[in-house]
Amino acid sequence: MSDQLSLMGFDEPPRPTDRLFFALFPTEEAARRIANLALQLRGEHGLSGTPLQTERFHITLHHLGDYAGLPPDVLALAVQAAQALALPPFEISFDRVASFSGHPSKRPFVLRGSDDGLAALTAFQQTLGTVMRQVGLGRRVDVRFTPHVTLLYDSRLVAEQAVAPIHWTAHELVLVHSLLGQTRYVPLGRWTLKG
């Protein structure tokens, strides 16, 4: 069918190769604790998924889209939004793990937290969304936000359970370029939180 469409002048859109998102990354110490927890729970629950590399642990704040190449207009607006944000550092605390439903062979097993430990994070995500709307990125604002850090992907579902709290202070906002299918993140910009 796609060959027929091409013959008729309807080319398929290019396949996305690049993803953009705003994120927060844990400190090195918190990332090591997250990695150790992922390995421990993988063994306890008989999971076969490989934990993410330590430098890939992050909290996605807003997904700015998947593209075939980086769109300069979206990049410029994202930088403008980040530069306009004036908020102080804040504490993040995760104290639970659980599986998200998803594709049966690739369910995210994630670190989560209670509302009181993530109130400042949720407020930060919402404020960033407000600034994104102001600069013209309103279509890219994630209105539904479930704060989490993905530990690994697995076919098994693990019920929610409490874990020893992992917390850190968020000091910078990062604009991330993810090279789809290559498990590589390239930071395109970092903005220190200071309010």
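That block above? That's the structure.
Cut-offs applied
Residues numbered from 1 in each chain as written. Predicted model: local features only at pLDDT ≥ 70, side-chain atom pairs only at ≥ 80, totals over all residues. Heavy atoms only, no water. Pairing = 2+ DSSP bridges. Helix = DSSP H or I, 4+ residues; strand = E, 2+ residues; numbered from the N terminus. Core = buried A, V, L, I, M, F, W, Y, C linked by side-chain atoms within 4.5 Å. Buried < 20%, exposed > 50% of the residue type's maximum accessible area, 1.4 Å probe, protein only. Contact = heavy atoms within 4.5 Å. Axes fitted to C-alpha atoms, helices over the stretch in contact; angles between N-to-C directions.

**What to know about the pairing of strand E8 (residues 184-192)**
Alright, step 1. Here strand E7 (residues 172-179) pairs with E8 via eight bridges, running antiparallel. Residue pairing in the sheet places Val176 in a bridge with Pro187 of E8.

**Notes on the nonpolar core**
Alright, step 1. Among the nonpolar cores identified, the biggest contains 50 residues, and Phe22, Ile59, Leu61, Ile92, Leu111 and Leu121 are the most heavily contacted of them.
Alright, step 2. Sequence-distant contacts of Leu61, that is, excluding residues within four places in its chain, are made with Phe22, Ala23, Leu24, Leu121, Phe124, Gln125, Leu128, Asp142, Phe145 and Leu173.

**Some words on the sheet that holds E7**
Alright, step 1. Across the sheet, four strands lie side by side as E2-E1-E7-E8; this open sheet has antiparallel pairing. One side of each edge strand has no neighbouring strand; the edge strands of this open sheet are strand E2 (59-67) and E8. For this sheet the average axis-to-axis angle between neighbouring strands, irrespective of direction, equals 20°.
Alright, step 2. Note that strand E1 (residues 18-24) and E2 share seven bridges and pair antiparallel. Note that in E2 the partner of Phe22 across the bridge is His62.
Alright, step 3. Of the strands in this sheet, E1, E2 and E7 are in contact with helix H4 (residues 115-135), which crosses E2 at around 35°.

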